Amino acid sequence: MPSPSRHRVVVIGSGVAGILTAIKLRERGITDFVVLEKADTLGGTWRDNRYPGAACDVPAHLYSYSFAPNASWTHRFATAPDLWAYFHGVAEEHGVLPHVRYRTEVADARYDAGTWHLTTTAGDQLDADVVISAVGRLHQPRYPDIAGLDDFAGPVFHSARWPADLDIAGKRVGLIGTGSSATQITAAVVGQVDRLTLFQRTAQWVWPMDNTPIPLWRKALLHLSKRYGTRYYWSLKEQIDFIGRAAKGDPAAVEARNQTVRDALGTVRDPELRAKLTPDYEIGCKRLVISGTFYDAVQQPNVDVVTTGIQQVEAGGLRTTDGELHELDVLVLATGFHADAYVRPMTVTGEDGVTLDDVWADVPMNYKSVAIPHMPDFFLINGPFSPGGSSSVLGIIETHVDYVLQLVDRVLAEDVALAPDPDRSAELLAEIRQRASQTVWGTGGCTSWYLDEDGVPLVNPVLLDELAADMATPVPEDFVVSARAGSSAG
Ligand code: N01
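Residues numbered from 1 in each chain as written. Predicted model: local features only at pLDDT ≥ 70, side-chain atom pairs only at ≥ 80, totals over all residues. Heavy atoms only, no water.

A. Here's a closer look at the side chain of N70. Within the secondary structure layout, N70 lies in the loop between α2 (45-48) and α3 (80-93). Engagement of the side chain of N70 in a polar contact is seen with the backbone nitrogen of S72, the distance being 3.0 Å. Here N70 is in contact with H61 and Y86, once residues within four sequence places are set aside. (Helix = DSSP H or I, 4+ residues; strand = E, 2+ residues; numbered from the N terminus. Polar contact = N/O pair within 3.5 Å; in protein donor to acceptor, adjacent residues only side chain to side chain. Contact = heavy atoms within 4.5 Å.)

Structure follows, in C-alpha cells:
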C-alpha cells in the first residue's frame, strides 16, 4: 500500500466555508493543504440544490464574502446557479481550485501522537497536522419514513437531488413538506405543472419579501462607490438582524415581525385555505420561510393543499389516511436535512481513543462551535450551536474561520496540539443551552431542525456582532496545550 500523503492542513468540504478556509490559509502563506470534496465540483449547497426556484433567501449582497463584494447581483436574492458561479469564481480567483481533491469522501479520522490519519471511503489514506471540517449543516437529505416510496411508478427524489433533465411541464406533481425548499419549489413550478399537490404536515409562518431587481442606479453606485456598498451592506444587515432580534425576544422586533407575517397570511383570500395555512405555534419557532411569492402561488387554481396525514405511497400516487388516492406523476420530497449529523457519518477518534460518539453521547459538546474536547487540532466551521435565525451564514463562517486560523497559526508556529478544555467547554455550552431553551425556538411549541432529541435548540441565540466580539481572539486558558510528537514541520 502506498504511504499516505501528508499535509499540514486538511480541509474537509469545498462549500462556502471550505472555499473561505482555503482562501484564508493561502493568505497566511500556508499552502501545504488539501481540500477534500466528496463530489466532483465545489460549491456545497449551491451545487446540490438545483430544484426549480432554488435561491438564497438572505439578500445576495449580504450573502457574499466581505472581501469579495459583487456589484453585479441582479436581484435582492440570488439564484443557486448565480451563487454557485460567484463562489466558484472567487475560489478560482484566489487560487483555491488546485488544492481541491474531488470525489474524495473522508470515512474515518484518527488521532495518534500529533497526527491525524484520515481514511477515505475508497480506502486512500492521508495524514495531517490539522483537520478543519467545513462540511456544512444542511447537506444530508432526510428521507421520510413513508411506506411504499419505492413502489411509486414515476420519479421520486429529494429536493436536493432534483434530476437535471426532468420535465415537469403538464405533470401532476406531489410535494411533501412546507419548509423553505418546498415553498420555493411551489412558487417556481406552479405555472408549469398540470396540478401541484402540497402535502403539508405543519403550516409555516411566512415573512413576505419580494425578490426585487437591483435597479441600475444602485448597481452603478455599487460599482463606483465602496462607501455606498458598505452603507447598503449595513442596511441589509439591519433588516436581517431584526429577525434575529425578534427571535431573541426584543419586544419591538417581535411586534413588527408578528404584524408583518400575520398581514401576509391575511392576503390568503379563501378562509378555508387560510385556516390550513395558519400555524398552531408561535411565530419564529421554526426558521421563518422568507418568500414574497408563496401565498400567491398556493392560491392558484391548480394547487391543492392536503393536510390529511400520509398513509402510503403507491405506484399511481400518494394515499392519505382518509383513504383518498392523490394521483401523481412526480413526487418531490422536500423533507429537510439531517441538520444534527455535522461531521457524521465520518467516524472520529481523538486522544486516548476517545471517539466523537463518546464526546457527543449526550449533546454535541463543543467549544464555541469550532472545537471539540479531546480532539486536538481538529476544528469545525459552523459546527454545533452556531447562531441560528435568518442571519447570513457568511458572517458566521467568516468569524469562525478567522478564529480557527488564529488557533492554526499557534499550532504551526509553536508545534503544539490544541484541544479545548472539557470543563470550560461544558460550562460555556450549558450557558448557551440555557439561553437557547428560553428562546421562541425552544418554547414556541413546534418541532424543527433547530432542536435536538430533548427539544433543546442546537443554536446559539446570539447576533453576529456579539459572536464576532466574543470570537475576536482565542482565550489561551480555555485550551489544553500538548507537545506534538508526529509533526511534519521542517
Ligand atoms: O427543510 P425543513 P427545508 N411527512 O426541515 C416536512 C435552508 N434553506 O429543506 O414541519 C410529511 O425546513 C416537514 O414537516 P414538519 C433553511 O435554513 C434555505 O425546506 O416537520 N412531512 C417540513 O415541512 C431552511 O430552514 C434556503 O411537520 C414531512 C419539511 O418537510 C433549511 O434549509 C432554501 C415529513 C422540511 O422542512 C431547511 O429547509 C431552502 C414526513 N415524513 C432551504 N418529514 C434559502 O433560501 C419532513 N416533512 C437559503
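B. Examining unusual backbone geometry more closely. The amide bond that connects R344 to the next residue, P345, takes the cis arrangement and shows omega of 20°. Looking at the element boundaries, P345 is found in the loop between β16 (330-333) and β17 (347-349). One non-glycine residue, S369, lies in the positive phi region at around 70°. In this model, D415 sits at a positive phi of 55°, which is unusual for a non-glycine residue. Within the secondary structure, D415 is located in the loop between α11 (393-414) and β19 (416-420). By relative accessible area, which is 27% here, D415 ends up partly exposed. (Buried < 20%, exposed > 50% of the residue type's maximum accessible area, 1.4 Å probe, protein only.)

C. Expanded view of the site of the ligand. Surrounding the ligand, one finds 22 residues, the nearest of these being A55, D57, S181, T202 and K286. Here S180 contributes a backbone N or O atom positioned 3.0 Å from an oxygen atom of the ligand. Across the complex, the protein chains shield 85% of the 910 Å² of accessible surface that the ligand would expose by itself. Broken down by element, the residue count for the shell around the ligand peaks at three residues, all from helix α4 (residues 180-189). (Near = heavy atom within 4 Å. Areas by Shrake-Rupley, 256 points an atom, 1.4 Å probe, with all protein chains shown as cover.)

D. Spatial organisation of the pairing of strand β4 (residues 106-112). In this structure, β4 lies alongside strand β5 (residues 115-120), joined through six bridges in antiparallel fashion. Note that in β5 the partner of D112 across the bridge is T115. Bridge count between β4 and β17: three bridges; the pairing is parallel. By the bridge assignment for β17, R110 is matched with T349. (Pairing = 2+ DSSP bridges.)

E. The arrangement of the packing of aromatic side chains in detail. Counted under the stated rule, the structure contains 18 aromatic pairs. For the pair Y65 and Y86, a centre-to-centre distance of 6.3 Å together with 35° between the ring planes defines the contact as tilted. Within this pair, whereas Y65 is found in the loop between α2 and α3, its partner Y86 is found in helix α3, the two being separated by 21 residues in sequence. Of the two residues, Y65 and Y86, neither departs from the other in class, the shared state being buried. A network of ring pairs unites the aromatic residues W46, Y63, Y65, F67, W73, Y86 and F87 as a single cluster. Directly above the aromatic system of Y281 lies the positively charged group of K286, at a separation of 6.0 Å from the ring centroid. (Phe/Tyr/Trp six-rings, centres within 6.5 Å; stacked < 30°, edge-to-face > 60°. Lys NZ or Arg CZ within 6 Å of the ring centre and 35° of its normal.)

F. The arrangement of the packing of helix α6 (residues 226-247) against helix α7 (residues 251-265) in detail. Between α6 and α7, the least distance of the axes is 8 Å, while the angle of their chain directions is 110°. In terms of orientation, α6 lies roughly perpendicular with respect to α7. On the side of α6, the interface is formed by F242, R245, A246 and A247, while α7 contributes A253, V254, A256 and R257. (Axes fitted to C-alpha atoms, helices over the stretch in contact; angles between N-to-C directions. Parallel < 35°, antiparallel > 145°, perpendicular 65-115°, else oblique.)

G. Here's a closer look at α6. Taking 1.5 Å per residue, 22 residues should reach 32 Å; α6 reaches 32 Å between its end C-alpha atoms and fits that length. Buried within α6 are the following residues: Y228, Y232, L236, K237, I240, D241, F242, I243, G244, A246 and A247. In this structure, the buried residues of α6 make contact with β10 (206-207), α5 (216-224), α7, β11 (289-290), α13 (440-443) and α14 (464-470). N-capping of α6 is provided by S225, with a side-chain oxygen placed 3.3 Å from the backbone N of R227. Looking one or two places after α6, you find G249, whose phi comes out positive at around 100°. (Expected span 1.5 Å × (residues − 1).)

H. Inspection of the sheet that holds strand β12 (residues 303-306) at higher detail. Across the sheet, which stays open at both edges, the five strands sit in the order β7-β16-β8-β9-β12 with parallel pairing between neighbours. Two strands bound the open sheet, and with one partner strand each, they are β7 (156-158) and β12. The average angle at which neighbouring strand axes cross in this sheet is 20°, direction not considered. The pairing of strand β8 (residues 172-176) with β16 spans four bridges and is classified as parallel.

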